[in-house]
Amino acid sequence: MSDRHRISTRAVIQVPDGRLLLFLSHFDPGSQLPPQWVFPGGGLEQNETPLDGIVREVFEETGRRFDAADFAPIAMLWHQMDDLRYHDTGEAHFFELQVPQIFEPSSEFWTENEHRDTVAHRWVTLSDIITEQLWLRPEGAIDLLIERYSHQAPQAPSNLGS
């Protein structure tokens, strides 16, 4: 696999009422990208499996420990990168994590970049994502959510990109 291809993991963390945890990130200043919503997760470390990566990333980004058995793989999305300075393409492995209630993520274990880039977090429904037309990354994430959780939200407007 090319150094220009990034493999990452993303956790769809959901509470029983259907709300999902998202982080608003403006990424590094050199990217010139507007803020965008992302699921907890990030790039894999050398020799790390996607499952090991999501367990580590969710702990780092939320401060909460979960066992590998708590995560269910749901999809893998190939996508073009928005910021082409380091990578051209990406591969995002999505896992579902059901939690009993909303919690406040801790920033205690965030990296320096996460402290710089993370603007906010929010628990949202699929309906919120669609009606507010939140810019959710990576490309294809909205379609994945609609396919998996459409029973929880209205139809997406035809002009809404993913």
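Note that the structure is a prediction, hence the values are computed from the model and not measured.

## A few points about the side chain of Glu48
- Secondary-structure assignment places Glu48 in the loop between β4 (41–43) and α1 (50–62).
- A relative accessible area of 17% means that Glu48 is categorised as buried.
- Within the structure, the side chain of Glu48 is placed 2.9 Å from the backbone nitrogen of Glu45, a separation counted as a polar contact.
- Not counting the four nearest positions on each side in its chain, Glu48 is found in contact with Gly43, Gly53 and Arg56.

## Considerations on the packing of aromatic side chains
- Throughout the structure, instances matching the rule amount to 5 aromatic pairs.
- Considering the side-chain rings of Phe23 and Trp110, the 6.2 Å spacing of their centres and the 80° angle between planes classify their relative orientation as edge-to-face. One end of the pair, Phe23, is in strand β2 (residues 20–25); the other, Trp110, is in the loop between β6 (89–98) and α2 (112–117), with 87 residues separating them in the sequence. An identical accessibility class is assigned to Phe23 and Trp110; each is buried.
- Taken together, a centroid distance of 5.3 Å and an interplanar angle of 80° make the contact between Phe103 and Trp123 edge-to-face. Here the residue Phe103 occupies a position in the loop between β6 and α2, and Trp123 occupies one in strand β7 (residues 118–124), the gap between them amounting to 20 residues. Across the pair, Trp123 and Phe103 agree in class, each one buried.
- Arg65 extends its terminal NZ or CZ atom over the ring of Phe59, reaching a point 3.8 Å from the ring centre.

## Overview of the environment of Gln36
- Along the chain, Gln36 turns up in strand β3 (residues 36–38).
- Classification of Gln36 by relative accessible area gives buried; the value is 2%.
- Separated by 82 residues in the primary sequence, Gln36 and Thr118 have C-alpha atoms spaced 9.9 Å apart.

## Section: the pairing of β2
- With 6 of its 6 residues buried, β2 lies for the most part within the structure.
- Of the two faces of β2, the one carrying Leu20, Leu22 and Leu24 and the one carrying Leu21, Phe23 and Ser25 are both buried.
- Of the strand pairs in this sheet, β2 and β7 are connected by 6 bridges, and their pairing is antiparallel. Within the sheet, the bridge partner assigned to Leu21 lies in β7 and is Trp123.
- The sheet contact formed by β2 and β3 spans 3 bridges and is antiparallel.

## A few points about the pattern of salt bridges
- In this structure the tally under the stated criterion is 8 salt bridges.
- Its salt-bridge partner being Glu60, residue Arg56 comes within 3.3 Å of it at the nearest N-O pair. Here the residue Arg56 and the residue Glu60 both occupy positions in helix α1, the gap between them amounting to 4 residues, near one helical turn.
- It is possible to trace a salt-bridge network through shared partners that takes in Glu45, Glu48, Arg56, Glu57 and Glu60.

## Some points on the nonpolar core
- Counting residues in each nonpolar core, the largest one holds 22 residues, and the members touching the most others are Val12, Leu22, Phe39, Phe94, Ile129, Leu136 and Leu145.
- Where this core is concerned, the elements lending two or more residues are β2, β5 (71–80), β6, α3 (126–131) and α4 (141–149).
- By residue number, the principal contributor to this core is α4, which donates 6 residues.
- With residues up to four places along the chain from it excluded, the contact list for Leu22 reads Trp37, Val38, Phe39, Ala120, His121, Arg122, Val124, Ile129, Leu134 and Leu136.
- One finds Ala11, Val58, Val99 and Trp123 within the second-largest nonpolar core, a separate group that totals 16 residues.

Rules behind the numbers
- Residues numbered from 1 in each chain as written.
- Predicted model: local features only at pLDDT ≥ 70, side-chain atom pairs only at ≥ 80, totals over all residues.
- Heavy atoms only, no water.
- Helix = DSSP H or I, 4+ residues; strand = E, 2+ residues; numbered from the N terminus.
- Buried < 20%, exposed > 50% of the residue type's maximum accessible area, 1.4 Å probe, protein only.
- Polar contact = N/O pair within 3.5 Å; in protein donor to acceptor, adjacent residues only side chain to side chain.
- Contact = heavy atoms within 4.5 Å.
- Phe/Tyr/Trp six-rings, centres within 6.5 Å; stacked < 30°, edge-to-face > 60°.
- Lys NZ or Arg CZ within 6 Å of the ring centre and 35° of its normal.
- Pairing = 2+ DSSP bridges.
- Salt bridge = Lys/Arg side-chain N within 4 Å of Asp/Glu carboxyl O.
- Core = buried A, V, L, I, M, F, W, Y, C linked by side-chain atoms within 4.5 Å.

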